[in-house]
Amino acid sequence: MEKKAIHIFFILTLALVSCTEKVQEKPKVIYKEKEVVTNEVKPDSTIIKVSDLPVYMEGTKYLIFPVGDIRVYDTGKYSSYGNSKTNAVSYAISNYNRYEITGDFDNLKFQHIDSTKIHSLTQQVLKIQTVTYLESFAAKTQNGILIYTIADADTNADGRIDANDIKSLYISKIDGSNFKKLTKNYQELIDWNVVDAIKRLYFRSIEDINKNGAFDKDDKLHYQYVNLLDTNWEVSEYDPVHNLSANQFAEKNTTPETEITEP
């Protein structure tokens with residue numbers, strides 16, 4: 001009876017250890033010695049580059065072509081996004097749903113509807129997850145703006161850039177020009193929204209201040225906004241928890257210059 005009890009205890013212990021190991025998540029950030037964000041990725045011979053058919057967002061003058069990778073195996077297996085399949089391979093890399101493109105693609109190509117020329121959004125190595133056209137803002141201001149959520153660096157050092165890396169917030173004009181990153185390096189985007197009444201884009205991000213590679217309750221939240229009418233899209237940080245406006249926050253977090261006294 002005693003041996004049976006020991007045997008049951010041993011099995012339960014193994015099960016508990018196994019469950020614990022499964023729950024543990026891989027860190028989203030691996031800090032290198034110099035903390036350099038890298039976009040170097042390992043080459044993959046099973047991947048080919050494709051473009052989806054163009055997306056036209058109503059009210060604009062541009063066609064948008066999502067461009068990305070698909071993986072083709074000799075075994076006939078395939079990795080897919082969407083439902084466009086030929087010979088057991090999916091050639092779709094994105095989905096479009098009224099003013100928003102979603103998926104897992106590398107770039108966008110833009111073409112004016114009155115032109116045959118096509119130009120790229122960027123030469124950076126990155127993975128675009130969402131592209132949102134601010135239709136309501138454009139209707140009120142005649143300014144077309146796109147907002148992007150993007151993984152732009154191999155922050156977890158696994159040799160590829162994907163959804164397991166830090167998600168960043170970007171912005172551009174409707175033709176892809178003025179492409180700019182809004183969140184800071186090593187800060188994970190939490191969410192964003194636009195307040196049309198004051199023409200601002202608000203967003204939150206989180207900083208891994210204890211450098212444990214994960215984003216948790218011990219880390220720091222950042223509250224920021226951008227004036228969408230500002231041609232440079234400068235980011236202002238504020239603190240609603242402690243009632244600090246953008247100016248007050250900037251003053252509090254600015255290191256005063258050292259005064260030099262004449263001899």
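A few points on the structure. (Residues numbered from 1 in each chain as written. Predicted model: local features only at pLDDT ≥ 70, side-chain atom pairs only at ≥ 80, totals over all residues. Heavy atoms only, no water.)

Some words on the pairing of strand β16 (residues 220-227)
Pairing of strand β15 (residues 200-207) with β16, which is carried by eight bridges, proceeds in the antiparallel orientation. If you follow L201 over to β16, its bridge partner there is V226. Pairing of β16 with strand β17 (residues 235-238) involves four bridges; the strand directions are antiparallel. Along β17, the bridge assignment pairs V226 with V235. (Pairing = 2+ DSSP bridges. Helix = DSSP H or I, 4+ residues; strand = E, 2+ residues; numbered from the N terminus.)

Quick look at the pattern of salt bridges
Under the definition given, this model contains eight salt bridges. Ionic pairing is found between R160 and D158, a salt bridge with its closest N-O pair at 3.8 Å. On the basis of relative accessible area, D158 is assigned to the buried category, the value being 17%. Each of K49, D69, D106 and K127 takes part in salt bridges that share partners, so that together they form one network. (Salt bridge = Lys/Arg side-chain N within 4 Å of Asp/Glu carboxyl O. Buried < 20%, exposed > 50% of the residue type's maximum accessible area, 1.4 Å probe, protein only.)

Some details on the sheet that holds strand β10 (residues 127-133)
The sheet built from six strands is open, its strands ordered β6-β7-β10-β11-β12-β13 with antiparallel pairing. Both edges of this open sheet fall to β6 (94-96) and β13 (180-181), since each of them pairs with a single strand only.

Here's the deal with the sheet that holds β17
Strand order across the open sheet formed by four strands is β14-β15-β16-β17, with antiparallel pairing between neighbours. Looking at which strands have only one partner, the edges of the open sheet turn out to be β14 (187-195) and β17. This sheet shows a mean twist of 30° between the axes of neighbouring strands, independent of strand direction. (Axes fitted to C-alpha atoms, helices over the stretch in contact; angles between N-to-C directions.)

Thoughts on the pairing of strand β3 (residues 62-71)
Most of β3 is tucked away, with seven of its ten residues classed as buried. Across five bridges, strand β1 (residues 47-51) lies against β3 in antiparallel orientation. Counterpart to I47 in the pairing with β3 is R71. Alignment of strand β2 (residues 55-56) against β3, held across two bridges, turns out to be antiparallel. Residue pairing in the sheet places Y56 in a bridge with L63 of β3. Two successive antiparallel strands, β2 and β3, enclose a turn made up of five residues, where G59 displays a positive phi of approximately 95°.

Interpretation note: all reported values are geometric properties and have no functional meaning in isolation.
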